[in-house]
Amino acid sequence: MNVELNVPLFDMVMCLSDAMDLVSPIVTGHHKRVAYIAYSLKYRKRTRAI
């Protein structure tokens, strides 16, 4: 029996991120902060190139 799920990628990533936070409270939010910094740097570089 195959069931096709239609889950937005953002929701799936946030679900995995929250699960990682539950595993180790020491690094809670670290991956979210790193992702935000990486995105900010990319966006900043892209806007300066214009």
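Every chain begins its residue count from 1, and numbering advances along the sequence as written. At least 70 in pLDDT is required for a residue's local features to be given in this predicted model, at least 80 for side-chain atom pairs to be given and counted, and no such filter applies to totals for whole chains, interfaces and linings, which use all residues. Calculation of side-chain values draws on the structure's entire complement of heavy atoms; hydrogens and water are dropped beforehand.

A. Spatial organisation of the pattern of salt bridges. Salt bridge, as used here, is a side-chain nitrogen of Lys or Arg placed within 4 Å of a carboxyl oxygen of Asp or Glu. As enumerated under the stated definition, the model contains 1 salt bridge in all. Taking the shortest distance from any N to any O, the salt bridge between Asp 18 and Lys 32 comes out at 3.2 Å. Linking Asp 18 in helix H1 (residues 9–23) with Lys 32 in helix H2 (residues 30–49), this pair joins segments that are 14 residues apart in sequence. For every residue, the accessible area obtained with a 1.4 Å probe (protein chains only) is divided by the maximum for its type, and the residue is called buried under 20%, exposed over 50%, and partly exposed between those limits. Exposure remark for Asp 18: the relative accessible area of 39% places this residue in the partly exposed category. Given a relative accessible area of 32%, Lys 32 falls into the partly exposed group. Secondary structure elements are taken from DSSP: a helix is a run of H or I of four residues or more, a strand is a run of E of two residues or more, and numbering for both begins at the N terminus.

B. Summary view of a nonpolar patch on the surface. On the surface, Met 1, Val 3, Leu 5, Val 7, Leu 9, Met 12, Val 13 and Leu 16 cluster together into a nonpolar patch covering about 930 Å² of accessible area. Examined against the element boundaries, Met 1 turns out to sit in the segment before H1. Here, patches come from residues exposed beyond 30% relative accessible area and free of salt bridges, joined within 9 Å for like charges and within 5 Å for nonpolar side chains (Val, Leu, Ile, Met, Phe, Trp, Tyr). Computed with the Shrake-Rupley method and a 1.4 Å probe, the accessible areas treat only the protein chains shown as cover for residues.

C. Local environment of the environment of Thr 28. As for its placement among the helices and strands, Thr 28 is situated in the loop between H1 and H2. Spatially, the C-alpha atoms of Thr 28 and Ser 17 are 9.2 Å apart, while their sequence positions differ by 11 residues. Contacts are assigned to residue pairs with any non-hydrogen atoms lying within 4.5 Å of each other. With near-sequence residues (within four places) excluded, Thr 28 lies in contact with Asp 21 and Arg 33.

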